[in-house]
Each structure stands twice: as structure tokens, then as C-alpha cells.
Amino acid sequence: MLDDADDIHPLFYGAPKTTEFKKLRKRIIQNVREAVEQYGMVDREASETPKWLVCLSGGKDSYTLLAVLYELKWRGLLPVDLLACNLDQGQPGFPATVLPAFLEKMGVPHRIEYQDTYSIVVDKVPQGRTYCALCSRLRRGNLYRIAREEGCSAVVLGHHRDDILETFFMNLFHGGRLATMPPKLVNEEGDLFLYRPLAHVAEADCEKFATAMQYPIIPCDLCGSQDGLQRQQVKAILDGWEKNSPGRRQVMFRALTNARPSHLLDSALFDFKGLEIKSAEFSSNPMDIPKLD
């Protein structure tokens with residue numbers, strides 16, 4: 001991959017020439033291509049070019065998402081139109097000029113939307129509770145609205161492999177269900193897709209990539225509601241497992257793609273009552289008795 005001005009999108013100008021970075025970049029691109037293909041995010045037989053609303057928070061994950069999608073589009077591997085979008089939710093201290101300036105410089109079509117959902121969350125959430133759940137719902141509703149206004153068929157988020165794993169364990173430990181963030185879903189109204197192309201990408205790779213590219217990272221703790229979250233506890237558990245057994249995260253993630261309903265306990269997913277054994281005629285010869293599986 002060359003990074004001359006005539007060969008690559010501006011989002012990759014100044015990319016490090018080191019072998020380590022080239023391998024990192026290749027790995028992330030391969031991971032995203034794999035997710036896009038595996039979960040059918042692109043209909044290559046569509047009569048019209050779809051348009052995606054790519055959501056940017058200004059964190060390492062969303063910068064990585066934007067860059068890789070443009071890399072794939074630049075290479076002719078992603079036949080979609082991309083519109084970057086940042087929703088400024090009125091969080092105290094949010095640097096509102098950072099993303100518009102960056103996107104203008106990179107020549108990325110974008111929409112910046114201001115909606116003070118922060119004040120609503122502070123008013124509605126009891127003291128001592130975290131803001132994340134309500135904040136997320138309000139953000140999602142606004143993003144769906146913007147997608148409709150812009151003629152987009154999908155809202156694209158920057159959740160990565162580790163977000164998906166953490167959500168699985170959050171549901172397991174606290175929700176009493178086996179569920180996580182799916183790479184692709186349809187919203188409740190049934191008129192928009194929601195995609196997570198970074199589903200196979202490790203958080204550490206996003207951090208290395210965004211840091212190496214020197215993208216202007218905006219911290220994710222501006223609202224002050226992150227400390228003590230259950231998600232942070234889950235992350236710490238996963239970090240411990242990974243430290244003691246390197247590669248454990250990827251093994252657990254692979255398990256999410258290899259579910260066996262007949263070996264779980266949910267009778268809504270598998271017809272346990274309908275199971276039958278094959279009838280057999282037993283002879284007096286012990287050698288004729290069928291073996292049990």
C-alpha cells in the first residue's frame with residue numbers, strides 16, 4: 001500500500017512507513033472486509049448505490065472506522081456513499097470545533113448536529129446512577145432521524161470486538177441472558193439498518209492505529225459518568241483473563257460465532273420436547289445392543 005497523495009485518501013496521508021504499522025493496517029482492513037461480507041452489509045446487486053451514515057464521536061474507534069471505510073471505498077471494495085456525522089450532545093467541555101475542522105481538512109462529506117440531550121439526561125437520571133443507557137437511546141433516536149433526512153439506508157457505528165464481548169458478559173452477569181451487540185440489525189421501525197463493521201477488530205488495534213495516525217482524539221469521559229460502571233468491571237475481568245492466557249479474547253469472540261442451540265437450555269430456540277430416539281429391536285445377543293452416543 002502506497003501513501004502518495006495521488007494514491008490514497010487524505011485520511012491516510014502521513015501514515016507511518018514501518019512494517020509494524022503496515023501489518024496493523026492490513027489486519028484491520030481484512031477484519032472489516034470480513035465482517036462486511038460475512039454479515040451481508042452490502043448488496044452488490046442493488047440497482048442504486050446505498051448511502052451510509054458513519055457516526056463519529058471523535059474517539060479512536062470512530063476514527064479507525066471512518067479511515068478504513070474510506071480505504072475500502074478508495075480501493076473500489078465498498079460500493080457505498082459515506083456521510084460522516086457527529087452528534088454534539090451538549091456535554092460540558094466538548095470541543096465542538098475539532099471534528100468539523102478535521103473533516104473539512106480531510107475532504108470528508110459530513111453533517112454536524114447539535115442536540116442538547118445531556119441536559120435531558122441529567123434531569124431524568126437519579127443522582128448516583130449512570131447516564132449511559134438514556135444517553136445512548138437519545139443519541140440513537142437522533143441518528144436515525146438524521147439518517148432518514150439524509151437519505152441513508154444504514155447507520156454505521158464504531159463498536160469493536162471488545163465492545164461486543166463486554167456487552168455479552170454484561171448481559172450474562174447482570175441481565176440473565178445470552179445476548180450482545182449484533183454486527184447487523186434492523187431498527188424497530190424497520191426502515192434502517194444498523195451496522196458495526198469493526199465487529200472483528202480488536203480495541204487494541206484501533207488504539208494503535210488512531211495513535212499512529214495522530215488523529216485528534218476527543219476523550220469519552222466528558223460527562224463524568226464513566227467511573228465505576230459495570231462495563232469497566234467486566235473489562236477488568238477480560239483484561240485479567242487475557243493477561244493470564246493471551247488470545248483468550250479471540251477464543252471467546254469465536255465462540256459467539258459458533259452457537260449450538262441444542263447444547264444450551266433455551267426451549268424457544270430448540271425443540272427439546274420434540275426430540276425422539278430411534279426405535280430398535282433388541283436381540284438376546286449382547287453384541288447386537290446399539291451403542292449409546
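These numbers come from a predicted model, not from an experiment. (Residues numbered from 1 in each chain as written. Predicted model: local features only at pLDDT ≥ 70, side-chain atom pairs only at ≥ 80, totals over all residues. Heavy atoms only, no water.)

1. Digging into the layout of surface pockets
Phase 1: Its boundaries defined by the atoms lining it, the second largest pocket holds a volume of some 610 Å³.
Phase 2: Forming the walls of the second largest pocket are 23 residues, and the residues nearest its centre are Phe-168, Ala-255, Leu-256, Thr-257 and Ala-259.
Phase 3: By residue number, the principal contributor to the lining of the second largest pocket is helix H9 (residues 248-256), which donates three residues.
Phase 4: Of the residues assigned to the lining of the second largest pocket, the class counts are 16 nonpolar, five polar and two charged. (1 Å grid on protein atoms, 1.4 Å probe; cavity = no way out; pocket = protein on both sides within 12 Å on 5 of 7 lines; lining within 4 Å. Points joined across faces, edges and corners; volume = space filled by probe spheres on them. Helix = DSSP H or I, 4+ residues; strand = E, 2+ residues; numbered from the N terminus. Nonpolar A, V, L, I, M, F, W, Y, C, P; charged D, E, K, R; others polar.)

2. Examining the pairing of strand S3 (residues 110-114)
Phase 1: Across the two faces of S3 the burial differs, with Arg-111 and Glu-113 buried and His-110, Ile-112 and Tyr-114 not buried at all.
Phase 2: One ladder, built from five bridges, connects strand S2 (residues 81-88) with S3; its direction is parallel. By the bridge assignment, Asp-88 is partnered in S3 with Tyr-114.
Phase 3: Between the parallel elements S2 and S3, the chain passes through helix H3 (residues 98-106) in a crossover that is right-handed. (Buried < 20%, exposed > 50% of the residue type's maximum accessible area, 1.4 Å probe, protein only. Pairing = 2+ DSSP bridges. Right-handed = clockwise from strand over helix to strand, strands pointing away.)

3. Focus on the packing of aromatic side chains
Phase 1: In this structure the tally under the stated criterion is 12 aromatic pairs.
Phase 2: Seen in terms of ring centroids, Tyr-63 and Phe-102 are 5.1 Å apart; in terms of plane orientation they differ by 80°. Their pairing is edge-to-face. One end of the pair, Tyr-63, is in helix H2 (residues 60-74); the other, Phe-102, is in helix H3, with 39 residues separating them in the sequence. Here the two residues Tyr-63 and Phe-102 agree in accessibility, since each one is buried.
Phase 3: Between the aromatic rings of Phe-169 and Phe-173, the centroid separation amounts to 5.6 Å while the plane-to-plane angle is 40°, which identifies the pairing as tilted. Taken as a pair, Phe-169 and Phe-173 lie in helix H6 (residues 161-175) at a separation of four residues, close to a single helical turn.
Phase 4: Look at Phe-169 and you get buried, because its relative accessible area is 8%.
Phase 5: You can call Phe-173 partly exposed: its relative accessible area is 43%.
Phase 6: By way of ring pairs, the aromatic residues Phe-12, Phe-21, Tyr-63, Phe-102, Phe-209 and Tyr-215 are connected into one cluster.
Phase 7: A cation over a ring is seen here: Lys-184 above Phe-193, with NZ or CZ 5.0 Å from the ring centre. (Phe/Tyr/Trp six-rings, centres within 6.5 Å; stacked < 30°, edge-to-face > 60°. Lys NZ or Arg CZ within 6 Å of the ring centre and 35° of its normal.)

4. Side note on the nonpolar core
Phase 1: Counting residues in hydrophobic clusters, the biggest one holds 44 residues, and the most contacted among them are Leu-11, Val-32, Trp-52, Leu-66, Leu-69, Phe-209 and Tyr-215.
Phase 2: Going through the elements one at a time, helix H1 (19-38), strand S1 (51-55), H2, S2, H3, strand S4 (154-156) and helix H7 (203-212) are the ones with two or more residues in this core.
Phase 3: Per-element tally for this core: the top contributor is H2, with eight residues.
Phase 4: Excluding its chain neighbours within four sequence positions, the residues that come into contact with Leu-69 are Val-32, Trp-52, Val-54, Leu-78, Leu-82, Val-156 and Pro-197.
Phase 5: Core analysis: the second largest hydrophobic core is formed by 14 residues, Cys-55, Cys-152, Leu-157 and Leu-192 among them. (Core = buried A, V, L, I, M, F, W, Y, C linked by side-chain atoms within 4.5 Å. Contact = heavy atoms within 4.5 Å.)

5. Here we look at a nonpolar patch on the surface
Phase 1: There is a patch of nonpolar side chains on the surface, built from Leu-172, Phe-173, Leu-178, Ile-237, Trp-241 and Leu-264 and spanning about 510 Å² of accessible area.
Phase 2: At the level of secondary structure, the elements contributing two or more residues to the nonpolar patch comprise H6 and helix H8 (230-244).
Phase 3: Tracing the chain through its elements places Leu-178 in the loop between H6 and strand S5 (184-186).
Phase 4: Relative accessible area serves as the criterion here: at 53%, Leu-178 is assigned to the exposed category. (Patch = residues over 30% accessible without salt bridge, like charges linked within 9 Å, V, L, I, M, F, W, Y side chains within 5 Å. Areas by Shrake-Rupley, 256 points an atom, 1.4 Å probe, with all protein chains shown as cover. Salt bridge = Lys/Arg side-chain N within 4 Å of Asp/Glu carboxyl O.)

6. Thoughts on unusual backbone geometry
Phase 1: The backbone of Gln-214 shows a phi angle near 55°, a positive value even though the residue is not glycine.
Phase 2: Note that Gln-214 resides in the loop between H7 and H8.

7. Considerations on the side chain of Gln-89
Phase 1: Looking at where Gln-89 falls in the secondary structure, it is placed in the loop between S2 and H3.
Phase 2: With near-sequence residues (within four places) excluded, Gln-89 lies in contact with Gln-115, Asp-116, Thr-117, Tyr-118, Cys-135 and Arg-139.

8. Here we look at the confidence of the model for the chain
Phase 1: Considering every residue of the chain, the mean pLDDT works out to 89; 90% of them sit at 70 or more.
Phase 2: Counting interchain partners and residues more than four positions distant, the pLDDT-below-50 stretch residues 1-5 has 14 contacts. (pLDDT = per-residue confidence, 0-100.)

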